[in-house]
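# Report on the structure
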Amino acid sequence: MKIVHTVQEVREAVSAWRKEGLSIGFVPTMGYLHEGHQSLIQRAVEENDQVVVSIFVNPMQFGPNEDLESYPKDLEKDSLLCEKTGATLIFNPQPEEMYTGDFCSFVDMTGLTKGLCGKSRPIHFRGVCTVVNKLFNIVQPDRAYFGQKDAQQLAVIKQMVKDLNMNLEIVGCPIIREEDGLAKSSRNTYLSKEERVAARVLSQSLEEGRGRLEEGETSVQVIREIIRGCIEKEPLTKIDYVEIVDAKSLEPVEKVEKTILIAIAVYIGKTRLIDNFTFEC
Ligand code: AMP
């Protein structure tokens, strides 16, 4: 496995693989990798001849008061995880390699990006769409792997690929969790001991909501209140949103009658965590 830092080096590797007729899987990440990322890499290794993992904390997708400066990094540990999982290339560019001084082109999306995380992070998805587009152009993968953990991001990327006729397949992968249910996230590392215990409430509240749905509850308002109530019992939390939307359009629904996405974003202290599940009826 090789670690490269420039676009040129990725292009050279990709063009050599293409000459040999090899397929390419791609896993875009911001690094500080855990078993969630690993599950994506694992799937990419199973389905492709070569696997590229990008590790890039993309400044463009962070708002002014977000955690760009403090985002955790550990390239050495990341490269060990990639190597043992079977990735062939890590692309780890500096921001200047991705955004030269005269950079002025963006990929943006309406519709799917206006609710959920897009509401409290208004420039986030423009940054995500732009960087993912650039990474797709650099790596030119056959398949790219994204986690259902970031459900809105997955929907946005699928839509972008369809709208802009990009020639690759987007593969969505299930959420990997800690033993107590907390969705694995690089940001979990920000949590103090006390906050880490409090953070269990995200998955617990969703489980309560799921239980009521399975019992046949069809009122979105009731489910939302059950989830909110459960989160609010925990004093260290501040809810950003608890939303129940159509799983495809991400538009709010009033009744549970098709496949829905139940998505939450909650601050535990200063750390903003997200979680979700889809429910088919
Ligand atoms: P990030 O490094 O947070 O930008 O995440 C990179 C990719 O890993 C995204 O497609 C995420 O959805 C995915 N991912 C992050 N955490 C998890 C998890 N717990 N389970 C599955 N996929 C995840």
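Predicted model, so just to flag it, every value in this text is computed and none were measured.

### Observations concerning the state of the cysteines
Evaluation of the coordinates by the stated rule reveals 0 disulfides. This cysteine, Cys 117, is not joined by any disulfide, and Cys 129 carries the nearest cysteine sulfur, 13 Å off. Accessibility expressed as a relative area gives 1% for Cys 129, which makes it buried.

### Focus on the sheet that holds strand S1 (residues 2-4)
Here we have 6 strands laid out as an open sheet, ordered S1-S4-S3-S2-S5-S6, and parallel in their pairing. Of all strands in the sheet, those with a lone pairing partner are S1 and strand S6 (169-173), marking the two edges. Each adjacent strand pair in this sheet contributes to an overall mean axis angle of 25°, direction not counted. Across 2 bridges, the pairing between strand S2 (residues 24-29) and strand S5 (residues 143-147) is parallel. Paired with Gly 25 across the two strands is Arg 143, which belongs to S5. Relative to the sheet, helix H2 (residues 35-47) contacts S2, strand S3 (50-55), S5 and S6, its axis offset from that of S5 by approximately 155°. Set on the sheet, helix H6 (residues 124-139) makes contact with S2, S3, strand S4 (89-91), S5 and S6; between it and S2 the angle comes to about 150°.

### Some thoughts on the side chain of Asn 48
You can see Asn 48 is positioned in the loop between H2 and S3. A polar atom in the side chain of Asn 48 sits 2.8 Å from the backbone oxygen of Ala 44. At a separation of 2.9 Å, a polar atom in the side chain of Asn 48 contacts the side chain of Tyr 145. Once residues lying within four places of it in the same chain are set aside, the contact partners of Asn 48 are Ser 23, Ile 24, Gly 25, Asp 142, Arg 143 and Tyr 145.

### Quick word on the environment of Gly 147
With respect to the element layout, Gly 147 can be found in strand S5. Sequence spacing of Gly 147 and Ile 24 is 123 residues, and the spatial spacing of their C-alpha atoms is 18 Å. If we skip the residues at most four places from it in the chain, Gly 147 touches Leu 40, Leu 154 and Cys 173.

### Considerations on the environment of Gln 148
Along the chain, Gln 148 falls in the loop between S5 and helix H7 (151-163). In the structure, Gln 148 is positioned 106 residues away from Glu 254 in sequence and 23 Å away in space, judged by C-alpha atoms. Look past the residues within four positions of Gln 148 in its chain and what remains in contact with it is Leu 154, Cys 173, Pro 174, Ile 175, Leu 261, Asn 276 and Thr 278.

### Details of the site of the ligand
Around the ligand, the surrounding shell holds 17 residues, and the nearest of these are His 37, Gly 147, Asp 150, Ile 176 and Lys 184. The backbone of Met 30 places a nitrogen or oxygen atom 2.9 Å from an oxygen atom of the ligand. In the environment of the ligand, a nitrogen atom lies 2.9 Å from a nitrogen or oxygen atom belonging to the backbone of Lys 184. Here the ligand has 480 Å² of accessible area as a free molecule, and 92% of this is covered by the chains. Contributing elements (two or more residues each) for the shell around the ligand: S2, H2 and S5. Of the residues forming the shell around the ligand, the biggest block, 3 residues, is contributed by H2.

### Examining unusual backbone geometry
Backbone geometry places Gln 140, a non-glycine residue, at a positive phi of 45°. Positioned with a positive phi, Leu 250 is a non-glycine residue whose angle comes to about 60°. Turning to its location among the elements, Leu 250 is positioned in the loop between strand S7 (237-246) and strand S8 (260-268).

### Examining the nonpolar core
Of all hydrophobic cores here, the largest spans 49 residues; its most connected members are Phe 136, Ile 157, Met 160 and Ile 170. Broken down by secondary-structure element, the contributors of at least two residues to this core are helix H1 (7-19), S2, S4, H6, S5, H7, S7 and S8. Counting residues per element, this core draws most heavily on H6, which supplies 9 residues.

Calculation criteria
- Residues numbered from 1 in each chain as written.
- Predicted model: local features only at pLDDT ≥ 70, side-chain atom pairs only at ≥ 80, totals over all residues.
- Heavy atoms only, no water.
- Disulfide = S-S within 2.5 Å.
- Buried < 20%, exposed > 50% of the residue type's maximum accessible area, 1.4 Å probe, protein only.
- Pairing = 2+ DSSP bridges.
- Helix = DSSP H or I, 4+ residues; strand = E, 2+ residues; numbered from the N terminus.
- Axes fitted to C-alpha atoms, helices over the stretch in contact; angles between N-to-C directions.
- Contact = heavy atoms within 4.5 Å.
- Polar contact = N/O pair within 3.5 Å; in protein donor to acceptor, adjacent residues only side chain to side chain.
- Near = heavy atom within 4 Å.
- Areas by Shrake-Rupley, 256 points an atom, 1.4 Å probe, with all protein chains shown as cover.
- Core = buried A, V, L, I, M, F, W, Y, C linked by side-chain atoms within 4.5 Å.

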